[in-house]
Structure formats: structure tokens, C-alpha cells
Amino acid sequence: MLNAIRRGLRRGALPADQVAMLWGRMAAHPRHLVPARSRLPHAEQVDLFVRNVEKEFGTVVRVADLDAVPGAVADYLAALNLPGSLVMAPHPELQAIPWSARPLLDIREGRAQGTDAVSVQHGFAGIAETGTLMFPSAPERPVTLNLLADTAVVVLRASAVVGAYEEAWDRLRAEIGGMPRNVMLVTGPSRSADIEQALELGAHGPRRLHVVLVEDGA
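Residues numbered from 1 in each chain as written. Predicted model: local features only at pLDDT ≥ 70, side-chain atom pairs only at ≥ 80, totals over all residues. Heavy atoms only, no water.

*Asks:* What is the right way to read the nonpolar core from this model?
*Replies:* Across soluble globular proteins, nonpolar side chains show a tendency to be buried alongside one another. Val 69, Val 73, Leu 77, Leu 86, Trp 99 and Val 120 are the most contacted members of the largest nonpolar core, which has 25 residues in total. Going through the elements one at a time, helix H4 (69-79), strand S2 (85-88), strand S4 (118-122), strand S7 (151-157) and strand S12 (208-214) are the ones with two or more residues in this core. Of all the elements, H4 adds the most residues to this core, at six residues. Dropping the residues within four chain positions of it, Leu 86 is found in contact with Val 73, Leu 77, Leu 105, Asp 106, Ile 107, Arg 108, Val 118 and Val 120. In this structure, Phe 49, Val 50, Phe 135 and Leu 209 belong to the second largest nonpolar core, which totals 20 residues. (Core = buried A, V, L, I, M, F, W, Y, C linked by side-chain atoms within 4.5 Å. Buried < 20%, exposed > 50% of the residue type's maximum accessible area, 1.4 Å probe, protein only. Helix = DSSP H or I, 4+ residues; strand = E, 2+ residues; numbered from the N terminus. Contact = heavy atoms within 4.5 Å.)

*Asks:* I'm lost on the pattern of salt bridges in this one. Help?
*Replies:* Where charged atoms of side chains with opposite charge meet at close range, the side chains can pair. Overall, the coordinates contain 11 salt bridges when judged by the stated rule. In this structure, Asp 47 engages Arg 62 in a salt bridge whose closest nitrogen and oxygen atoms are separated by 3.0 Å. Of this pair, Asp 47 sits in helix H3 (residues 42-55) while Arg 62 sits in strand S1 (residues 59-63), and the two are 15 residues apart along the sequence. Its relative accessible area of 37% is what places Arg 62 among the partly exposed residues. In this structure, a network of salt bridges that share partners links the residues Asp 47, Arg 62 and Glu 215. (Salt bridge = Lys/Arg side-chain N within 4 Å of Asp/Glu carboxyl O.)

*Asks:* I keep staring at H3 and nothing clicks. Help me out?
*Replies:* Side chains that are three or four residues apart share a direction in an α-helix, a result of its 3.6 residues per turn. Helix length check: H3, at 14 residues, gives a terminal C-alpha distance of 20 Å against a target of 20 Å (1.5 Å per residue), a fit within 8%. The set of residues buried in H3 consists of Gln 45, Val 46, Leu 48, Phe 49, Val 50, Asn 52 and Val 53. Buried residues in H3 make contact with S1, strand S5 (125-127), strand S6 (132-136), S7, strand S8 (161-162) and S12. (Expected span 1.5 Å × (residues − 1).)

*Asks:* Can you walk me through the packing of aromatic side chains in this structure?
*Replies:* Any aromatic ring pair is given by two values, namely how distant the centres are and how the planes are angled relative to each other. Per the counting criterion, the structure on display carries zero aromatic pairs. Note that Arg 171 overlies the ring of Phe 124, its terminal NZ or CZ placed 5.5 Å from the centroid. (Phe/Tyr/Trp six-rings, centres within 6.5 Å; stacked < 30°, edge-to-face > 60°. Lys NZ or Arg CZ within 6 Å of the ring centre and 35° of its normal.)

*Asks:* What should I look at first to understand the sheet that holds S2 in this one?
*Replies:* Each strand in a sheet pairs with another by means of backbone hydrogen bonds, the pair being arranged parallel or else antiparallel. The sheet built from six strands is open, its strands ordered S1-S12-S7-S4-S2-S3 with parallel pairing. Either end of the sheet is taken by a strand with one partner, and the two such strands are S1 and strand S3 (106-109). This sheet shows a mean twist of 25° between the axes of neighbouring strands, independent of strand direction. For S2 and S4, the ladder comprises two bridges, and the chain directions are parallel. (Pairing = 2+ DSSP bridges. Axes fitted to C-alpha atoms, helices over the stretch in contact; angles between N-to-C directions.)

*Asks:* Would you mind showing me how to read the sheet that holds strand S9 (residues 183-186) here?
*Replies:* In space, the four strands of this open sheet follow the order S8-S5-S6-S9, with mixed pairing throughout. Two strands close off the open sheet at either side, each with one partner strand: S8 and S9. Sitting on the sheet, helix H6 (residues 165-176) is in contact with S5, S6, S8 and S9, with an inclination near 25° to S6.

Now the structure itself:
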């Protein structure tokens, strides 16, 4: 594709100085304009994140610690009359949660299948300025969990909430090192208004997005 564009522009290889400039820019990760609304104390960033998730048709419940996660998930599913069977990301932090406290939850670890109604994901980062969740792909974070299940539940630490997109990318580079194969940025449940401007939830993925926010301090 890029070669076809280059041929269409009748452009050959870039001069050495431009190549060096571009590589330097990519290495430096220069900041773009960061919205003032995200430049807040961390507690206020978390509050802004919650408001923006809810504005985008998602829901949030705040819990005191990871031990409270199974109860929060079970209560959410019961309130919507959803099945207790779910597929969960095989992430060490999720595996350490005492799910046996709610024995009616039937949990399978791994990738989602087309028949899975509910998925539980590990949130890598939450971005306050838009209420967006970041999911870098990894064996412990299968991307199918945010594509196939009708209801997506995300367990996110409050300490993983950042103000702006630039900070989320900083976190990814610091913790993962390089760019993974895929990074999903999710703002609310899947939706589309392509047909007659009528909003349809679940158009290309989950029709429900529920965040279990663990208050683990700044």
C-alpha cells in the first residue's frame, strides 16, 4: 500500500536528513496539545474518567479492593439477568482474585468464542480525558475478549487511570517496552449510527461495557 502511494506521488527514497529527522521524532515522542481538562490531581482524574465512561453509555462501580471484585461482577450480572458463565483473561492479577467467594460464577480462562455472552478483561490503563480504556494485546490479554462477548466487564485499578492519551502511551512504553501487535482503545460499548442516524449498541462488539474500578490509591 505504501509503495503504491509512493509511486502515485512519483517519490523515491527520502533524503538522508529527512529520514534522520523522522527517526528522531519517533524516538523523542514529542507531546501534542494536551487538553487542560485532564491536567488534574489524580483523584479528580479518576472522577473525570468515571463521568466520561458513563457519558459514553458505559457503567462503573467502584470497589475498595480486589477481594470485592467477584461480588461486584456477580451483582452486575444478576441485576441484568445475565448468565453467570464468563470467559476471563488469563492475567495474573485476575487469577489472584478470590472468585471462589461467588461459586455461582462459572469462569473459563482464555480467548473468547462466538458463544460467550460475558467477558472479563484486565484494564491496562484508563484515560480520563475521554473515558477510554487501553488494551494492549498479549497472551494474558486476548483481543477477542473485547470483540465477541455481548457484555464486556473490565477490572481496572484506579492507579492505572491517567489524564491524557500521551500518558497512557508513556505507561505502555515503560511497562511493555515496545509496541505490541495490537492496541485497542475502547470508549464505551460498541455502537454505530450509520443507518438513518439511529444509534445501535453492539454493532461491532459488546453492547454493554461495565468497569469495576478498584480503589487502590494514587
